[in-house]
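Coordinates in review
Each chain, written out:
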Amino acid sequence: MKNIYSKLLIVICAIFLVSCDNDETMSHTNVSAVNALYSPADNKFFDLGAQSSAIFEWEAAKAEDNGAVLYDVVFDRESGDFSKPVYTIPSDGKGFQNKLNISFTELNKIAEMAGIQSESIGKLKWTVYSTKGLNVQKSSVSGIFEVQRPGGFPTPDQLFITGTASENGETVADAQAFKKTGATSFEIYTKLKAGTYKFITRKNGTPEVFYISEAKLKQDGATTYAGESKVYKIKVDFSDGSTTMTEIKKIELWFPPLSSYLFEYTYSGGGIWKAANKHIDFKVESWGKDERYKFKFTVVNGETTSEEWYGSVNGDNNRPDASTAASYWYMVPVTNDFWNNCFKFATAIDNSNVNAEINFSAAATAYTHSFTIL
C-alpha cells in the first residue's frame, strides 16, 4: 500500500512540475496593452479626395520577455465598441512597427464599410491590439478622426453601357463593354442617340447600376440624352466619381508627304471606324518613295473644338512586313509634329485599294488599326 501511495505522489509532483513548466513556457507570449495613442489627434480631419495618406502612431507595448510585439490597427464606426470592427490591418513592417501609414484610398474603403456615404463627412474610431501571436491585448484607449469621402465607388471588374440611347439598345445581352484603362478607370467609344442610357457592372443577375449627372458618377438611375446622334468617348473614374464626355467629330488619315489628308473614316459601331475601298499611292521622292502616315481626331469638349493626334509609339519606323508584330499598329496619343511618330505603309499597299479600319473597342488588346488590300 505504501508503494502505491509513493507512486501516486510521484505522478502528482510530475504533473505539477509540467504545469509549472508550461506556465513558464507561455509567459513569453505575455504583452502589455497599448496605453497611449499619439496621432492623429482626436477629431483630425482628412479629405480623402486628395492623393495622400494618414499616419497613425501609438506608444509601444512591452513584452514580458522583452521581445518584439505585433500590432493590429482596428477601425470601427464612431459609435462602435470594437466588438465587431469594420476593418483590421497590421501595422507597418508587417505588424512589427508602432505606426501605420495608410493611403486615403484605403481609408475611403474603410469609411464606406462604416456606412459613410460618398461625398459625405463622417467620423471613424480607431484603436490598437498588441500581441505576440497569443494573448491579444486590446487597448483601453481609442481615437476619433473625421473624414470627407470623395464622390467615388468601389471599382467593378467590368462595365457596360445599355439603354434606349445606346447604340445597341436596351437588350442587356447586347450591352457594349467599356475598356478598363486603369485600376479605377474605364472608357468607351460609342454612339448616343435620343433616349436614356446607364452603366451596368454585368449582363446577368442583378448588376450595380450607375449613371452620369452633372459630370459626376451617380448610382441607381439613368441619364437622358436629347441631342443629335453623335459618337463620344466616355471616361469614368470610380475612385472619385469623375466623368468626361468628348465628342469624336471626325477622324482623318494624315499623309505628310503630300501635306494632306488621304481620307476620312466613318464610325461603324462598337468603337470601330472604317473607310472602304480607298486608293493609296506613295509619294515619289528623289531618294525613293515616302509612305508615312498618322491620324488626326477632331474632338469637341463642351463648345471647344480641338485636335487629338494618334500615331506610333516610335519616333520613326521601318515598313512593316509579314513578320512584324501586331503591336506595330498600336495607336497612342502623339503630338501634331509634321513627321514624328508616323507609321509606314507596307510595300504592297503602294498603288492599291484598301479597306481601312481603326479599332478602339474593348475587345482590342490595345487601340489599333489595319489595312486590307482589295
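Counting restarts for each chain: residues are numbered from 1 in the order of the written sequence. Confidence filtering applies because this is a predicted model: local features only for residues at pLDDT of at least 70, side-chain atom pairs given and counted only at 80 or more, and all residues used for totals across whole chains, interfaces and linings. For side-chain calculations, the full set of non-hydrogen atoms in the structure is used, while hydrogens and water are omitted.

What about the overall build of the chain?
Put simply, the test is: Helix and strand assignments come from DSSP, with helices taken as H or I runs of at least 4 residues and strands as E runs of at least 2, each series counted from the N terminus. We compute the radius of gyration over the C-alpha atoms and compare it with the globule rule, which gives 2.2 Å times the number of residues raised to the power 0.38. Think of it in three bands: with a 1.4 Å probe and only protein chains considered, a residue is buried below 20% of the maximum accessible area for its type, exposed above 50%, and partly exposed in between. Only heavy atoms enter the contact rule, under which two residues are in contact if any of them lie within 4.5 Å. Accessible surface is estimated by sampling points in the Shrake-Rupley manner with a 1.4 Å probe; for residues, cover comes only from the protein chains shown. A residue counts as positive if it is Lys or Arg and as negative if it is Asp or Glu; His and the chain ends are not included. Think of each charge as sitting on NZ of Lys, CZ of Arg, CG of Asp or CD of Glu.
Counting its secondary structure elements, the chain contains 2 helices and 30 strands. In terms of overall size, the chain is more extended than a compact globule, its C-alpha atoms giving a radius of gyration of 32 Å where 374 residues would be expected to give roughly 21 Å. With the C-alpha coordinates of the chain rotated into their principal frame, the extents come out at 115 × 50 × 40 Å. When the 374 residues of the chain are sorted by exposure, 40% land in the buried category. In the chain, once contacts between residues fewer than 6 apart in sequence are set aside, the share between residues at least 24 apart is 66%. When the accessible surface of the chain is split by element, carbon and sulfur atoms take 50% of a total near 19700 Å². Positive and negative side-chain charges of the chain, numbering 37 and 44 respectively, have mean locations separated by a distance of 3 Å.

Some thoughts on the nonpolar core
What counts, and what does not: What makes a nonpolar core is a set of buried Ala, Val, Leu, Ile, Met, Phe, Trp, Tyr and Cys residues whose side-chain atoms join them at distances within 4.5 Å.
Membership of the largest hydrophobic core comes to 29 residues, with the highest contact counts inside it found for Y265, W273, F295, F297, F345, F360 and F371. When near neighbours in sequence (up to four residues on either side) are disregarded, F371 contacts L253, F263, Y265, Y293, F345, I349, V354, N355 and A356. Counting residues in hydrophobic clusters, the runner-up holds 28 residues, among them V69, A111, W126 and V128.

Here we look at the layout of surface pockets
Note the threshold: With a 1 Å grid laid over protein atoms only, a set of points is called a cavity when a 1.4 Å probe fits there but cannot get out and a pocket when it is open yet has protein on both sides within 12 Å along at least five of seven lines; lining residues have an atom within 4 Å of a point. Grid points are joined across faces, edges and corners, and a volume is the space filled by probe spheres set on the points. Any residue that is not Ala, Val, Leu, Ile, Met, Phe, Trp, Tyr, Cys, Pro, Asp, Glu, Lys or Arg is counted as polar, Gly included; the first ten are nonpolar and the last four charged.
Space inside the largest pocket adds up to approximately 310 Å³. If you go around the largest pocket, you meet 20 residues; those closest to its centre are T105, N108, T184, S239 and D240. At 5 residues, helix 2 (residues 104-113) tops the list of elements feeding residues into the lining of the largest pocket. Its residues assigned to classes, the lining of the largest pocket shows 6 nonpolar, 10 polar and 4 charged.

A closer look at the pairing of strand 13 (residues 185-192)
The condition that has to hold: Pairing between two strands requires that DSSP report at least two bridges joining them.
For strand 13, the buried fraction is high: 7 of the 8 residues fall into the buried class. Between the antiparallel neighbours strand 12 (residues 179-180) and strand 13 lie 4 residues. Alignment of strand 13 against strand 18 (residues 230-237), held across 8 bridges, turns out to be antiparallel. Within strand 18, the position partnered with F186 by the bridge is V236.

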